[in-house]
Every structure is written in structure tokens, then in C-alpha cells.
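Topology and contacts: notes
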Amino acid sequence: MPLDQAAISPMDRGFLFGDGVYEVMARVDGRVRAKSLHEQRLAASLASIQLDVSVEQIFNDVDRLIEKANLESAKIYVQVTRGAAAVRDHAFPVDVAPTVFLTISDFQVMSYGAGKAIVRPDIRWRRNSIKSVSLLGNVLLMQEAKASGAQEAILFREEYVTEASTSNVFVIRGNTLVTPPLSDLILPGITRHLVLEMAEVLGIAVIEQNVRVDSLADADGVFVSSSTRGLMPINELSPGGTVGHGQLTEPFLALQSAYDERLRHHD
Ligand code: PDD
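Each chain carries its own residue numbering, running from 1 in the direction its sequence is written. Only residues with pLDDT of at least 70 get local features here, since the model is predicted, and only at 80 or more are side-chain atom pairs given and counted; chain-wide, interface and lining totals rely on the full set of residues. Heavy atoms throughout the structure, all of them, feed into the side-chain values; hydrogens and water do not.

Quick look at the packing of helix 5 (residues 190–202) against helix 6 (residues 250–265)
At a closest axis distance of 10 Å, the pairing of helix 5 and helix 6 adopts a crossing angle of 115 degrees. Regarding the angle of helix 5 to helix 6, the classification is roughly perpendicular. Remark: the crossing between helix 5 and helix 6 carries right-handed chirality. Residues Thr191, Leu194, Val195, Glu197, Met198, Ala199 and Leu202 of helix 5 form the contact with helix 6, whose own contacting residues are Ala254, Leu255, Ala258, Tyr259 and Arg262. Throughout, the ten residues Ala, Val, Leu, Ile, Met, Phe, Trp, Tyr, Cys and Pro are labelled nonpolar, Asp, Glu, Lys and Arg are labelled charged, and all others, Gly among them, are labelled polar. Of the residues contributing to the contact of helix 5 with helix 6, the split by class is nine nonpolar, one polar and two charged. Axes here mean lines fitted to C-alpha atoms, for a helix over just the part in contact, with angles spanning 0 to 180 degrees between N-to-C directions. Strands are runs of DSSP state E lasting at least 2 residues, helices are runs of H or I lasting at least 4, and numbering of each runs from the N terminus. Angles below 35 degrees are treated as roughly parallel, those above 145 as roughly antiparallel, those between 65 and 115 as roughly perpendicular, and all remaining angles as oblique. Note on convention: near helix rotated counterclockwise from far helix by under a right angle means a left-handed crossing. Clockwise means right-handed. Residue contacts are counted whenever heavy atoms from the two residues lie within 4.5 Å of one another.

Here's the deal with empty space enclosed by the protein
Of the grid points, spaced at 1 Å and generated over the protein atoms alone, those admitting a 1.4 Å probe that cannot get out make up cavities, while open sets with protein on both sides within 12 Å along at least five of seven lines make up pockets; any residue with an atom within 4 Å of a point is treated as lining. Grid points are joined across faces, edges and corners, and a volume is the space filled by probe spheres set on the points. Applying the stated rule across the entire model yields one cavity of 30 Å³ or more. Of the voids in this model, the largest cavity is the one considered here, and its volume is about 40 Å³. As for the largest cavity, its lining consists of Val109, Met110, Ser111, Arg229, Gly230, Leu231, Gln256, Tyr259, Asp260 and Leu263. Listing elements by their share of the lining of the largest cavity, those giving two or more residues are strand 12 (230–238) and helix 6. Considering each element in turn, the lining of the largest cavity owes the most residues, four residues, to helix 6.

Describing the site of the ligand
Near, as used in this document, describes a residue that has one of its heavy atoms within 4 Å of the molecule or strand being considered. In the region of the ligand, 20 residues are neighbours, and Tyr22, Arg41, Glu163, Thr191 and Ser227 sit closest. Definition of a polar contact: a pair of N or O atoms within 3.5 Å, with one able to donate and the other able to accept a hydrogen when the atoms are protein atoms, and with sequence-neighbouring residues admitted only if both atoms are side-chain atoms. One of the backbone nitrogen or oxygen atoms of threonine 166 is found 3.5 Å away from a nitrogen atom of the ligand. Per-residue and other accessible areas follow the Shrake-Rupley method at a 1.4 Å probe size, with only the shown protein chains counted as cover for residues. In the complex, 89% of the free accessible area of the ligand, which totals 480 Å², lies under the protein chains. Per-domain counts for the shell around the ligand show at least three residues from each of domain 1 (3–106) and domain 2 (115–262). Residue ranges labeled as domains rest on an automatic or database domain assignment.

Side note on the pattern of salt bridges
Should the charged atoms of two oppositely charged side chains come close, the side chains can pair. Note on definitions: salt bridges are taken to be side-chain nitrogens of Lys or Arg within 4 Å of carboxyl oxygens of Asp or Glu. Under the defined criterion, the tally for this structure stands at 15 salt bridges. With its nearest N and O atoms 2.8 Å apart, the salt bridge here joins arginine 124 to aspartate 122. Take arginine 124 and aspartate 122: they sit in the same class, and that class is buried. Linking arginine 212 and aspartate 214 is a salt bridge whose minimum nitrogen-to-oxygen distance equals 3.1 Å. Partly exposed describes any residue whose relative accessible area lies between the buried limit of under 20% and the exposed limit of over 50%, with all areas from a 1.4 Å probe on protein chains only and scaled to the type maximum.

Comments concerning the domain arrangement of the protein
Per the domain assignment, the segments of the protein are domain 1 (3–106) and domain 2 (115–262). At the interface, 19 residues of domain 1 touch 17 residues of domain 2. Buried area, as used here, totals the accessible surface that two parts lose on assembly, with accessibility defined by a 1.4 Å probe and the loss added over both. Taken together, the two surfaces of domain 1 and domain 2 that pack against each other cover about 1400 Å², and 63% of this comes from carbon and sulfur. On inspection of domain 1 and its partner domain 2, the count reaches zero salt bridges. Summed over the shared surface of domain 1 and domain 2, the result is eight residue pairs in polar contact (both at pLDDT 80 or more).

Here is the structure:
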């Protein structure tokens, strides 16, 4: 239905408590990128908030939405909340149907030029592997980036990089790719997963280990990854200054072209 005809109760727990999870997927040239990985991650997010909903049913609805919208390249948003109860009570309501909200909009994934990132303490909660709609920390950090003329906020906890406000973080040293290991503190990004797979194929060494925030500016390259940004190089940090020699190095260029290729020709 047209967006202006959709209605969600003001008692919806997604609205009142941020009690819900979501996915953002890119459809490129008639194909949803890594759809089964998004399905798996949504199932994991739902399980971790004890919300029992059929992911298969949701993805059938996604297919119907895609068919109706008839957009070859699009951004697909999936949000599932614990639904609307009659009264506002923090604990889970009983016998309340979840709310499922899907949108599709015209969108082109593109390769971004180098951008700037602010570097800030990670002020978010400690369960960031859940793709929760409670994004106030991310919202405040991204706004701060924007107000500083930057495109991202790279975050750290206790001197170590976690991720960025809307993406995962990678560092290049020589022919080696370093990225923080999966944990409760970061989202297991689908693009991150694809980057690690591609690095292996390209013969780029991969180390999943903690990255000291004060080592970022000395790296040969820093980039962030997400479904909507693809692989976006960061050439300036604030604080930190220019990354490496301010130029993109071969491992990044190889990964970016492998990613573009994969997006267009594979699942
Ligand atoms: N964000 N980390 C955070 C905090 C994110 O919000 C995202 C994606 C990622 C990258 O995940 P993926 O590669 O699966 O897109 C990492 C989406 C795009 C968003 O909220 O719009």
C-alpha cells in the first residue's frame, strides 16, 4: 500500500520502547544481495529478543513487495516489533501480535569516494550484535559526524575500535586486512562477511583482532562497510588527521572492484 495509507498504533512497542529489530537490504539489478544471510541475521535478532515470528513468512512478504514495486535496484527495510499492547508496561505483553513493517524504495548502491570520519567513544548499549531499532546512540553520533562535515563516526570502547555508527570498520596494513572480531559489541555486518570472503579469494591476509583507536591514522587505509554504502574509504579522521599517505592502496582497490563485481553477478 502507499506509505501514507499505512497505520501503526501509537501503543506499538517499537514506538514506545524501541522494542523491535530490523534489516536493511540492497536489491541490485534485480537481485537481493546476500538475502539468505539477512534472513539468518533477522532470525538471530528475533531470537535474542525472544520474539517468535516466522522469518520465512516475512521473506515471502518481502518477495511480494518486490514483485509489486517492480524496482530493479532498491533499498528494502524490514522492521519487526513486539506489537501494540493496551497498556504501557515494560515487560512483554501476552497475546499480542508482532508488527511487521516493510518498505521498498528506489536506491542505487554506488562506490563512494573517500570520506571523513569523526572518532568518538562508543556511547551505545553493550548488545550491538542485535540489530535493534533502538538507535538513539547511533543517531546522536551520526548527527555529530554530519555537523562536523564528516560522513561517519568511528567508535571505540576502552581504546579499541568497535564499529562505526552505521557500518563496520576495517584497517589495511600492507597486504593485510584487520577488523575487530565479532562480539556483542558490534553488528555482524553482511557486507563485513562478504569482505572477509573476498579478501580470502584475493589472497589478502585477514586478521580479526582488536584495533587500537590510536593506531588508525598510522594504517595504510581505513574503510567502512554496509549494505547501503558498500565499501567506503576513510581518508581523514577527526581527531587523527590524514590516514596513511592519503591515498587508496591496492588491497582496498582490489576489494572494492571485487565487491562491485560480486554485487552485480552473484548472490
Ligand atoms: N546499517 N554496524 C551498524 C551499527 C549498522 O547500522 C550497519 C548497517 C552495519 C553494517 O551492516 P550490513 O553490512 O549488514 O549493512 C554495521 C544499516 C545499513 C542501516 O541501519 O541503515
